[in-house]
Amino acid sequence: MFRLNNVKYKHILAIETLEIGNQQTTGIVGESGSGKTTLVKLLNKMISPTSGDVFYEETPLKDLNSIEHRKEVTMLPQQPVIFEGSVKENLLFGIRFGEMPIPENSELMDLLKKVNLNKSLEDMADKMSGGEKQRLALARVLLLKPKVLLLDEPSSALDESTEDIIIRLVMDYAKILNMKVIMITHSMNIAKTYTEEIIEIKDGKVKK
C-alpha cells in the first residue's frame, strides 16, 4: 500500500525503507516527539519529504493530485477542527466539500451511535466536551468511507474504558467497509490488541 525509500523530513524523520502492506490495521507507536505524526502526514500528502520518495500503491505521491489523494486516504488529526453549528452540519462538512451524496438522517444517527455519542443532530457542536468533539470528528471521517483511514491518537481525549469501546467500534466498522486503518497510538496495549502490524518509531527512525 505505502512504501518509503530514503525519506527524510527536516530534522524530524530519516527512514531508509518502510513498507506498510495491505493488512487491515497498522499501529504506529513511539514516544512523544519521535516523528509518528510527521510520518502519517507524509502518507496523507499533507507535507512532502525533504528528500526521498513516498509511494502509494506503487505510484509516487508527488505524481498524485493532493485533493483526490486525501479523499481516498483521509486523516483525522489528534486535535480535529470542530466548526460552529450543529452536529449535523459538522458531520456533513466533508461530504459537502467532496460533493458526495447527502446521507439520510438515519445513517447519521447510526454513525453517532457507533462512536458512542449520545447527541441529537440539532445539538450545537461547539458546546460539547473535548471527548465528545473527538468522537464527532471521528464520525465525520468515517462518513466519508475512505479507502485508507489515518488516525492520530483518535482516543487521546477519552478515558480508558471509553477508549477501548471506541477503538473496537471503529475497527469493526472498518472491517465491514474493507477500510484500511493506520493508527497512531500512545498505547502499546491498544496497538497489540487492535492492529495486525506494529511500526515503532524512535528518534525519527523505524525501530528494527
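Conventions adopted
Residues numbered from 1 in each chain as written. Predicted model: local features only at pLDDT ≥ 70, side-chain atom pairs only at ≥ 80, totals over all residues. Heavy atoms only, no water. Patch = residues over 30% accessible without salt bridge, like charges linked within 9 Å, V, L, I, M, F, W, Y side chains within 5 Å. Areas by Shrake-Rupley, 256 points an atom, 1.4 Å probe, with all protein chains shown as cover. Salt bridge = Lys/Arg side-chain N within 4 Å of Asp/Glu carboxyl O. Helix = DSSP H or I, 4+ residues; strand = E, 2+ residues; numbered from the N terminus. Buried < 20%, exposed > 50% of the residue type's maximum accessible area, 1.4 Å probe, protein only. Polar contact = N/O pair within 3.5 Å; in protein donor to acceptor, adjacent residues only side chain to side chain. Contact = heavy atoms within 4.5 Å. Pairing = 2+ DSSP bridges. Lys, Arg positive; Asp, Glu negative; His and termini not counted. Phe/Tyr/Trp six-rings, centres within 6.5 Å; stacked < 30°, edge-to-face > 60°. Axes fitted to C-alpha atoms, helices over the stretch in contact; angles between N-to-C directions.

> Would you mind going over a nonpolar patch on the surface with me for this structure?
The grouping of Ile67, Phe93 and Phe97 at the surface amounts to a nonpolar patch, some 340 Å² of accessible area in total. Topologically, phenylalanine 97 is positioned in helix H4 (residues 93–97). Look at phenylalanine 97 and you get exposed, because its relative accessible area is 63%.

> Would you mind going over the side chain of glutamate 132 with me for this structure?
Inspection of the secondary structure puts glutamate 132 in helix H6 (residues 130–143). In terms of polar contacts, glutamate 132 uses its side chain to reach the backbone amide nitrogen of serine 129, at 2.9 Å. Not counting the four nearest positions on each side in its chain, glutamate 132 is found in contact with Leu117 and Lys119.

> Just checking my understanding: could you explain the pairing of strand E2 (residues 13–20) for this structure?
It is a general feature of regular strands that their side chains alternate between the two faces of the sheet. Where strand E1 (residues 2–9) lies against E2, 7 bridges are found, and the strand directions are antiparallel. Bridging from a neighbouring strand, lysine 8 pairs with alanine 14 of E2. The loop that links E1 with its antiparallel partner E2 comprises 3 residues; one of these, lysine 10, has a positive phi angle of about 50 degrees.

> Would you explain the pattern of salt bridges in this entry?
Side-chain pairing between opposite charges can occur once the charged atoms of the two side chains come close. Considering all chains together, one arrives at 9 salt bridges under this definition. Salt-bridge contacts for lysine 71 lead to glutamate 68; the nearest nitrogen and oxygen are separated by 3.5 Å. Taken together, the residues lysine 71 and glutamate 68, both in helix H2 (residues 66–72) and 3 residues apart, mark about one turn of the helix. Looking at glutamate 68, the relative accessible area reads 47%, which means it is partly exposed. Of the charged contacts in the structure, one is a salt bridge between glutamate 200 and lysine 207, with a shortest N-O distance of 3.9 Å. By relative accessible area, glutamate 200 is classed as partly exposed at 29%. Using a relative accessible area of 45% as the deciding quantity, one classes lysine 207 as partly exposed.

> What's the story with the side chain of lysine 36 in this structure? I'm lost.
Here lysine 36 shows up in helix H1 (residues 36–43). Within the buried set, lysine 36 has no salt-bridge partner at all; the shortest N-O distance to an opposite charge, 5.2 Å, is to glutamate 153.

> In this structure, what is going on with the packing of aromatic side chains? I would like to understand it.
Aromatic rings considered in pairs are described by the distance between their centres and by the relative angle of their planes. Overall, the coordinates contain 2 aromatic pairs when judged by the stated rule. Centroid distance phenylalanine 83 to phenylalanine 93: 4.1 Å. Interplanar angle 25 degrees. Geometry classified as stacked. With phenylalanine 83 in the loop between strand E6 (73–76) and helix H3 (87–91) and phenylalanine 93 in helix H4, this pair connects stretches of sequence that are 10 residues apart. Exposure remark for phenylalanine 83: the relative accessible area of 29% places this residue in the partly exposed category. For phenylalanine 93, a relative accessible area of 40% gives the class partly exposed.

> Any chance you could explain the sheet that holds strand E4 (residues 51–56) here in plain terms?
Strands pair in a sheet through their backbones, by hydrogen bonds, and they do so in one of two ways: parallel or antiparallel. With antiparallel pairing, 4 strands are arranged side by side in an open sheet as E2-E1-E4-E5. With partners counted over all chains shown, the strands left at the sheet margins are E2 and strand E5 (59–60), one partner each. With 5 bridges joining them, E1 and E4 adopt antiparallel strand pairing. Across the sheet, residue leucine 4 finds its bridge partner in E4, namely valine 54. Most of the contacts of H1 go to E2, to which it runs at about 60 degrees, and overall it touches E1, E2 and E4.

> I keep staring at H1 and nothing clicks. Help me out?
Each full turn of the α-helix corresponds to 3.6 residues, which orients residues three or four apart in the same direction. Of all 8 residues in H1, 6 are buried; the element is thus mostly enclosed. Those residues of H1 that sit buried are Lys36, Thr38, Leu39, Val40, Leu42 and Leu43.

> Is there a simple way to explain unusual backbone geometry in this structure?
Trans peptide bonds make up most of the peptide bonds, and negative phi angles are found at most residues other than glycine. One non-glycine residue, asparagine 116, lies in the positive phi region at around 60 degrees. Its location among the elements puts asparagine 116 in the loop between helix H5 (105–114) and H6. We classify asparagine 116 as partly exposed; its relative accessible area is 38%. Within the chain, glutamate 153 stands out as a residue other than glycine whose phi angle is a positive 50 degrees. Assignment of secondary structure puts glutamate 153 in the loop between strand E7 (148–152) and helix H7 (160–176). Residue glutamate 153 is classed as buried on the basis of its relative accessible area, which comes to 10%.

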